[in-house]
Amino acid sequence: MNTILRHQFDQLENDRINLLNRLGEYSEDILNQKNELEKWSVNQILIHLLTSEQLTLNYLKKKSLGINTLKDSGLLAEAKLSLLKISQRLPLRFKAPKFLKQNTPDPLSLPELTNQWNNSRNELLNFLESIGEENLRKLIYKHPVAGRFNVSQCLVFLQEHFHHHQPQVKRILDNSKHIEK
């Protein structure tokens, strides 16, 4: 596997494992609890992240079937990625794309979700291992708003998306500590 993709995947995976380990300290009631400030519970955020990754992987697999016909990324994709990163780091709320909402299942228990996410990440790893060096710059991913990116830029987005939702998780859990007391 390309060393850059491996590093990006490892970062994404370490962040996921650290989050799930932290969440293991909380009851399912807390993880499913919504407060008046948030529209989603922690488990709803997790299933959103998982579904987003699964749909992304499905798209990558589909586009990889015709990878030789895809254009290479360039400065425009880099500029769009920079703007996308900024948008994910701002404390703004975005509506999830309609197709993501339609394909998001009901929340799962943390062990069920962890199991599904493990399987999905293994599939992602296998896919990344299949990408040849000659195809690393191919515009294989299409973000619903920002447009087309290569596989490495896709992983950057997945990382940014994950981190975009972390303050939301923290707020919900911090609020649940105040409720418990």
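Residues numbered from 1 in each chain as written. Predicted model: local features only at pLDDT ≥ 70, side-chain atom pairs only at ≥ 80, totals over all residues. Heavy atoms only, no water.

(A) Region of interest: the overall build of the protein. Within the protein, the regular secondary structure consists of seven helices and two strands. Going from the N terminus to the C terminus, the protein shows its helices and strands as α-α-α-α-α-α-β-β-α. Taking 16 Å as the expected radius of gyration for a compact globule of 181 residues, we find that the protein reaches 17 Å, a close match to that expectation. The principal-axis extent of the C-alpha atoms belonging to the protein is close to 55 × 30 × 30 Å. (Helix = DSSP H or I, 4+ residues; strand = E, 2+ residues; numbered from the N terminus. Rg over C-alpha atoms; globule rule 2.2 N^0.38 Å.)

(B) Spatial organisation of a nonpolar patch on the surface. A cluster of nonpolar side chains, L83, I86, L90, L92 and F94, forms an exposed patch at the surface whose accessible area comes to about 490 Å². Topologically, L92 is positioned in the loop between helix 4 (75-89) and helix 5 (98-102). (Patch = residues over 30% accessible without salt bridge, like charges linked within 9 Å, V, L, I, M, F, W, Y side chains within 5 Å. Areas by Shrake-Rupley, 256 points an atom, 1.4 Å probe, with all protein chains shown as cover. Salt bridge = Lys/Arg side-chain N within 4 Å of Asp/Glu carboxyl O.)

(C) Region of the structure containing the packing of aromatic side chains. All told, the structure shown has two aromatic pairs when counted by the stated rule. When the centroid spacing of 6.5 Å and the interplanar angle of 50 degrees are considered together, the rings of W117 and F162 count as tilted. With W117 in helix 6 (residues 110-130) and F162 in helix 7 (residues 151-180), this pair connects stretches of sequence that are 45 residues apart. W117 sits in the buried class, given a relative accessible area of 0%. When the ring of Y141 is compared with that of F157, the centres are 6.3 Å apart and the planes differ by 20 degrees; the resulting orientation is stacked. (Phe/Tyr/Trp six-rings, centres within 6.5 Å; stacked < 30°, edge-to-face > 60°. Buried < 20%, exposed > 50% of the residue type's maximum accessible area, 1.4 Å probe, protein only.)

(D) Just helix 4, in detail. Spanning 15 residues, helix 4 covers 21 Å between terminal C-alpha atoms, matching the ideal 21 Å at 1.5 Å per step. All buried positions along helix 4 are accounted for by A77, L81, L84, S87 and Q88. Seen from one end, helix 4 has its buried residues packed into an arc of 120 degrees, which puts them on one side. Helix 4 presents L75, L83 and R89 as exposed residues on the side facing more than 90 degrees away from its buried surface. (Expected span 1.5 Å × (residues − 1). Arc of directions from axis to C-beta.)

(E) Fine view of the nonpolar core. Ranked by internal contacts, the top residues of the largest apolar core, which has 27 residues, are F127, L128, I140 and V151. When contributions to this core are tallied by element, the ones reaching two or more residues are helix 1 (3-23), helix 3 (42-64), helix 4, helix 6 and helix 7. Not counting chain neighbours up to four residues away, the residues in contact with I140 comprise Y59, L60, K63, S64, I67, L70, F127, I131, F149, N150 and V151. Among the nonpolar cores identified, the runner-up in size contains 20 residues, and L50, L110, W117 and V169 belong to it. (Core = buried A, V, L, I, M, F, W, Y, C linked by side-chain atoms within 4.5 Å. Contact = heavy atoms within 4.5 Å.)

(F) Up close: the packing of helix 3 against helix 6. Helix 6 packs onto helix 3 with a crossing angle of 25 degrees between their chain directions and a minimal axis gap of 10 Å. In terms of axis orientation, helix 3 runs roughly parallel to helix 6. Seen along the crossing, helix 3 lies across helix 6 with a hand that is left-handed. Listed contacts from helix 6 to N43, L46, I47, L49, L50, E53, Q54, L57, L60, K61 and S64 of helix 3 are L110, L113, Q116, W117, S120, R121, E123, L124 and F127. Looking at the contact of helix 3 with helix 6 residue by residue, the class counts come to 11 nonpolar, five polar and four charged. (Axes fitted to C-alpha atoms, helices over the stretch in contact; angles between N-to-C directions. Parallel < 35°, antiparallel > 145°, perpendicular 65-115°, else oblique. Left-handed = near helix turned anticlockwise from the far one by under 90°. Nonpolar A, V, L, I, M, F, W, Y, C, P; charged D, E, K, R; others polar.)

(G) Structural context of the environment of L155. As for its placement among the helices and strands, L155 is situated in helix 7. On the basis of relative accessibility, which here comes to 4%, the residue L155 falls in the buried class. Placed 14 residues apart in sequence, L155 and Y141 show a C-alpha to C-alpha distance of 9.8 Å. Filtering out sequence-adjacent residues up to four positions away, L155 remains in contact with L5, Q8, F9, L12, L124 and L128.

(H) Local environment of the pattern of salt bridges. All chains considered together, the criterion is met by eight salt bridges. Where K61 meets E123, a salt bridge forms, and the shortest distance between an N and an O atom there is 2.7 Å. Taken as a pair, K61 in helix 3 and E123 in helix 6 lie far apart in primary sequence, 62 residues in all. Assessed through its relative accessible area of 32%, K61 is described here as partly exposed. Linked through salt bridges whose partners overlap, the residues forming this network are E13, R16, E53 and R121.

Any functional reading would require information that these geometric values do not contain.
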